[in-house]
Amino acid sequence: MGSIGDLTAVVTQGLGVPKPLVEALAKQRGITVFWQEDAAEPKPVEPTALIMVNKKTSGEFLSKLKPKMVAVAFTGYDAVDMKACLEQKIAVYNVPAYSTDSVAELAIGLALAVYREIPVADKSIREGKWVISSGGTELKGKTVGILGTGTIGVATAKLFKAFGCELIGWSRTEKKAFTDIGGKYVKTKADLFAGADIVSLHVPCNAKTMGCVGEAELSQLKPTSVLINVGRGGLVQQEVLVKMLQANKFRAGLDVFVKEPVDPNDPILSAPNCVLTPHVAYKTQEALARRVVVTLDNIVSFSNGSAANRVDTKE
């Protein structure tokens, strides 16, 4: 490991804030930044860190670059070849909780957009129309099911609670923070989907949770129910999701998809009764600024031998 003052980082993706700001923050921490967003052959080789966001990073690329650690400027790190990192003894760090409020707020926004038909209303008035439906739906009094009551799940639950919603939850680990705000746990995912007017997904996407929401769960939803996904597209079996949306089995607000960017011919784009956004839940100015700071701090922590925010040891 390096020492403060001789740390180097190769950045393969834009970080959502101006490059001069990234460089200035890095310099304050003794890190020299090299931008390699389009480089096929990474240079310099053997930096202290590779900084990436959600761009697929293969074992082959890692073997060419030879970083000592991967600083993922994101909470999810499924884009990193973790097996290759283990084999090549490359540490992996992520940025937890930097966008908690941003993600929670978009979950509410999507629920309101579906319930109050905001996108349809906007399109209608621009086309010279006025009345678009018999009326929207209030959040107050509805039951919201939180799938995954970690930090973001609880933050989302708090916002729904402020709108006067009842809360139920399902999670592998029950959290006091959820029950403290009136949340009640149910025994199964099916119970959650059957008992909720709105289901919001907040479990991490990994080998254990990939495709964990399928027909068994979605078939429990009512035609008036709303599925909110601001987590990961891979959590839901998308073919089943599209089929059921097309059959008007429920409604949805989706920020994430199995394949991103979404293919122009993907049937999800023509599915009715849903509001779509292009994976922007995390993307606020405040969150992106926090993300850069923590990412750079992770490099310094690694250099100092700290395991804070290290995730490869948890695999």
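This text goes with the structure placed above it.
A brief report on the enclosed structure follows. (Residues numbered from 1 in each chain as written. Predicted model: local features only at pLDDT ≥ 70, side-chain atom pairs only at ≥ 80, totals over all residues. Heavy atoms only, no water.)

**Some details on helix 1 (residues 19–28)**
Part 1 of the argument: Within helix 1, the full set of buried residues consists of Val-22, Leu-25 and Ala-26. For helix 1, the buried positions fall inside an angular range of 100° around the axis, keeping them on one side. Residues Pro-20, Lys-27 and Gln-28 are exposed on helix 1 and point more than 90 degrees away from its buried face.
Part 2 of the argument: Buried residues in helix 1 make contact with strand 2 (31–35) and helix 11 (285–303).
Part 3 of the argument: Gly-30 occupies a position one or two residues after helix 1 and carries a positive phi of about 75°. (Buried < 20%, exposed > 50% of the residue type's maximum accessible area, 1.4 Å probe, protein only. Helix = DSSP H or I, 4+ residues; strand = E, 2+ residues; numbered from the N terminus. Arc of directions from axis to C-beta. Contact = heavy atoms within 4.5 Å.)

**Looking at the side chain of Asn-94**
Part 1 of the argument: Mapped onto the elements, Asn-94 comes out in the loop between strand 5 (91–93) and helix 4 (100–115).
Part 2 of the argument: Take Asn-94: its relative accessible area is 7%, and that puts it in the buried class.
Part 3 of the argument: Residues within four places of Asn-94 in sequence aside, it is in contact with Val-72, Phe-74, Thr-75, Tyr-77, Asn-298, Asn-309 and Val-311.

**Thoughts on the pairing of strand 4 (residues 69–72)**
Part 1 of the argument: Of the two faces of strand 4, the one carrying Met-69 and Ala-71 and the one carrying Val-70 and Val-72 are both buried.
Part 2 of the argument: Pairing analysis gives four bridges linking strand 3 (residues 49–52) to strand 4, with the strands arranged parallel. Counterpart to Met-52 in the pairing with strand 4 is Val-72.
Part 3 of the argument: A crossover connection joins strand 3 to the parallel strand 4 through helix 2 (residues 59–65); in handedness this β-α-β unit is right-handed.
Part 4 of the argument: The β-α-β motif built from strand 4, the intervening helix 3 (residues 82–87) and the parallel element strand 5 has right-handed crossover chirality. (Pairing = 2+ DSSP bridges. Right-handed = clockwise from strand over helix to strand, strands pointing away.)

**Topic: the nonpolar core**
Part 1 of the argument: One finds Ile-31, Val-70, Phe-160, Ile-198 and Ile-299 to be the most contacted residues of the largest nonpolar core, which totals 70 residues.
Part 2 of the argument: When residues in this core are grouped by element, the largest group, eight residues, is from helix 4.
Part 3 of the argument: Ignoring sequence-local partners within four residues, the contact set of Val-70 consists of Leu-50, Met-52, Leu-62, Val-80, Cys-85, Ile-90, Ala-91, Val-92 and Tyr-93. (Core = buried A, V, L, I, M, F, W, Y, C linked by side-chain atoms within 4.5 Å.)

**Focus on the packing of aromatic side chains**
Part 1 of the argument: Going through the model one piece at a time under the given rule, you end up with three aromatic pairs.
Part 2 of the argument: Its end group placed over the ring of Trp-35, Lys-19 keeps NZ or CZ at 4.9 Å from the ring centre.
Part 3 of the argument: Taking the ring centre of Trp-170 as reference, the NZ or CZ of Lys-189 above it sits at 6.0 Å. (Phe/Tyr/Trp six-rings, centres within 6.5 Å; stacked < 30°, edge-to-face > 60°. Lys NZ or Arg CZ within 6 Å of the ring centre and 35° of its normal.)

As far as function goes, none of this settles anything; it's purely spatial.
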